[in-house]
There are 2 protein chains.
Amino acid sequence: MAKTVVALLQHAAPPTEPRTSVLARVERMAREAHARGARILCTQELFCGPYFCQVEDAARMDLAEPVPGPTTEFLGRLARELQVEIVGSLYERRAPGLYHNTAVFMDAQGGLAGRYRKMHIPDDPRYYEKFYFTPGDLGWQAVAGRDAKVGMLVCWDQWYPEAARLTALQGAEILFYPTAIGWWHGETPADRRQQREAWQLMHRAHAIANGIWVAAVNRVGREDDLEFWGGSMLIDPGGQVVCEGSQDREEVLVAEVDPGRIEELRRGWPFLRDRRIDAYGGLMDRYGDLR
Amino acid sequence: MAKTVVALLQHAAPPTEPRTSVLARVERMAREAHARGARILCTQELFCGPYFCQVEDAARMDLAEPVPGPTTEFLGRLARELQVEIVGSLYERRAPGLYHNTAVFMDAQGGLAGRYRKMHIPDDPRYYEKFYFTPGDLGWQAVAGRDAKVGMLVCWDQWYPEAARLTALQGAEILFYPTAIGWWHGETPADRRQQREAWQLMHRAHAIANGIWVAAVNRVGREDDLEFWGGSMLIDPGGQVVCEGSQDREEVLVAEVDPGRIEELRRGWPFLRDRRIDAYGGLMDRYGDLR
């Protein structure tokens, strides 16, 4: 595959800001990314507005929208005009009372070429996602783009080696993780450091274990009780951080991705060769006490 | 479970040194570990001698020994005398022409209480392990010790999130990885840094993803074309390195392990709760092109 250039759009979305204003800013960032040579853009998780899962309020399910719908139209128009591919994250309305946390892949003609519904759904204080999002049922997605095969996963998925592996086995060369992760004001500096370090480290481990490129795009800024920590990053198949966003500023990160590095790394460390697929059945158990 | 203390025995085993001399040193290290309060000791991979897999030579299969056999007798005697548990690594002779890279768990009465046969077998220049070792067929092992449930994996397994997960699902509270990993003299400083960093990082990721303690015990010193990089380490369930050995000196690392931290971490980040066991079937495929 050819070398390509990816862009990670890291921004704020304050609870008081109207959707039109956020989209206008994202559009400016997309234009900047394009001007800097990017060919594949990725948004943060639920980029159109604030992270609305901090309270359980059924009225907020009104934020869900059909796919295709307003957000894929917005992204599709941008993709077509700029001739870029876009991984976008949105709140999908599938049926009354049935909503998903969904990533879409828009091709450079503006068409909806791929869809992934978040498989692992968290539920922690201030991240009441099990209330809003039905677990995905589309499985693991890698979409053949112009320059690379693009895997899509979302936020909480990033803690699961299973998700990265399964998407890599679909042929993904770059894994994109639109993300919304932050600190709560009650956490100690030591806790904050540990959390952010663990978060970065898991992405690097996915890159190494699978010999693939990994990108995470996280939001920044204070929203009610959460302070999103930014730090969007691109990681090479050897686990090295190629570029990393700030913790508190909006930023368009642009970097080159060479899919050729994948085979180079995998020849050096041929982990896929030696997997014990005859002995992995227990991975489909909740816990080992059933066998 | 009660708090416990583990010891990691990191040493050299020069190709010219007789087995008796290596064992005498390991015995001294075990006594030191015991004197410093250790209750669970772990050896490096194939600790009784040099890493013999740098060339393919069928005569070296003579190094394999039965289990129980001389090495488990040596470890059992030490365990009984010092009232410690020991994870040991050795070359197991199972039948003529059938050999394994095996980890054993000796209980504090000196009995052979657990056995794991390395599941993932590497084969790279200077690590011709597929020639010497039949892939294991005992599956994933967690042994109930006095203070903690002990998981055993060996070296190349450390690159496989599947192995850590499966052993954690067996209830392991501490994962021990006897290891033999090093640099080849032809590698650049940048390659060396990347390799060692990736190696440490994978262990930390296993700790985080599973919310368990992880320990790796690696050898040091030059043996023919390889320079083993030491760096034995204990990692807590949050992914923090609790202690780390030097790159070039023999060392007994002793540190406290609190199994109570496991539940604390897993309540904060309840990854086991949200695994998509209905959607992991593809992990048993070699690659996704078969579906």
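Each remark here, short or long, concerns the structure printed above.
Reading the values: the criteria
- Residues numbered from 1 in each chain as written.
- Chains lettered and ligands numbered in written order.
- Predicted model: local features only at pLDDT ≥ 70, side-chain atom pairs only at ≥ 80, totals over all residues.
- Heavy atoms only, no water.
- Least-squares fit on C-alpha atoms with pLDDT ≥ 70 in both.
- Contact = heavy atoms within 4.5 Å.
- Core = buried A, V, L, I, M, F, W, Y, C linked by side-chain atoms within 4.5 Å.
- Buried < 20%, exposed > 50% of the residue type's maximum accessible area, 1.4 Å probe, protein only.
- Salt bridge = Lys/Arg side-chain N within 4 Å of Asp/Glu carboxyl O.
- Helix = DSSP H or I, 4+ residues; strand = E, 2+ residues; numbered from the N terminus.
- Pairing = 2+ DSSP bridges.
- Axes fitted to C-alpha atoms, helices over the stretch in contact; angles between N-to-C directions.
- Right-handed = clockwise from strand over helix to strand, strands pointing away.

Overview of the relation of the copies chain A and chain B
- It takes a turn of 180 degrees to lay chain A on chain B, together with a shift of 0.0 Å along the axis; the resulting RMSD is 0.0 Å. Taken together, the turn and the small shift mark the pair as related by a two-fold rotation axis.
- Both copies share a contact surface, since 100% of the interface residues of chain A are interface residues in chain B too.

A closer look at the nonpolar core
- Among the nonpolar cores identified, the biggest contains 120 residues, and W140, W159 and F176 of chain A together with W140, W159 and F176 of chain B are the most heavily contacted of them.
- Ignoring any residue separated from it by four or fewer positions in sequence, one finds F176 of chain B in contact with V6, L8, I40, C42, V87, V150, G151, M152, L153 and A215 of chain B.

Points about the pattern of salt bridges
Residues and elements named next belong to chain A.
- Overall, the coordinates contain 57 salt bridges over all chains when judged by the stated rule.
- When the shortest N-O distance is used, the salt bridge between E45 and K118 registers 2.9 Å. Taken together, the positions of E45 in the loop between β2 (40-43) and α2 (70-82) and K118 in the loop between β5 (112-117) and α3 (129-132) put the pair 73 residues apart, joining distant regions of the chain. Each member of the pair, E45 together with K118, is buried.

Topic: the environment of L226 of chain A
Residues and elements named next belong to chain A.
- By secondary structure assignment, the location of L226 is in strand β12 (residues 226-229).
- Classification of L226 by relative accessible area gives buried; the value is 1%.
- Separated by 100 residues in sequence, L226 and R126 place their C-alpha atoms 7.9 Å apart.
- Discounting residues that sit within four places of it in the chain, L226 has contacts with Y51, Q54, R126, Y127, W183, W184 and G221.

Some details on unusual backbone geometry
Residues and elements named next belong to chain A.
- Note the cis peptide between V67 and P68, where omega equals 0 degrees.
- The backbone of Q83 sits at a positive phi, close to 55 degrees, despite the residue not being glycine.
- Checked against the element boundaries, Q83 lands in the loop between α2 and β3 (85-95).
- Non-glycine residue D224 carries a positive phi angle of around 50 degrees.
- Mapped onto the fold, D224 is located in the loop between β11 (220-223) and β12.

Quick word on the sheet that holds strand β13 (residues 233-235) of chain B
Residues and elements named next belong to chain B.
- In space, the six strands of this open sheet follow the order β6-β7-β8-β10-β13-β14, with mixed pairing throughout. With partners counted over all chains shown, the strands left at the sheet margins are β6 (141-144) and β14 (241-244), one partner each. Across the sheet, the axes of successive neighbouring strands diverge by a mean angle of 20 degrees, strand direction being ignored.
- Strands in contact with helix α4 (residues 161-169) are β6, β7 (149-152) and β8 (174-179); relative to β8, the strand with the most contacts, it is inclined by about 140 degrees.

Quick word on the pairing of β7 of chain B
Residue and element names in this part refer to chain B.
- In this sheet, β7 lies alongside β6 in antiparallel orientation, the contact comprising four bridges. Residue pairing for β7: Q141 is matched across the bridge by M152.
- Here β6 folds back onto β7, and the loop between the two strands holds four residues.
- Summarising the sheet, β7 and β8 pair through three bridges and their orientation is parallel. Note on β8: the bridge partner recorded for G151 is L175.
- Note on the crossover from β7 through α4 to β8: the handedness is right-handed.

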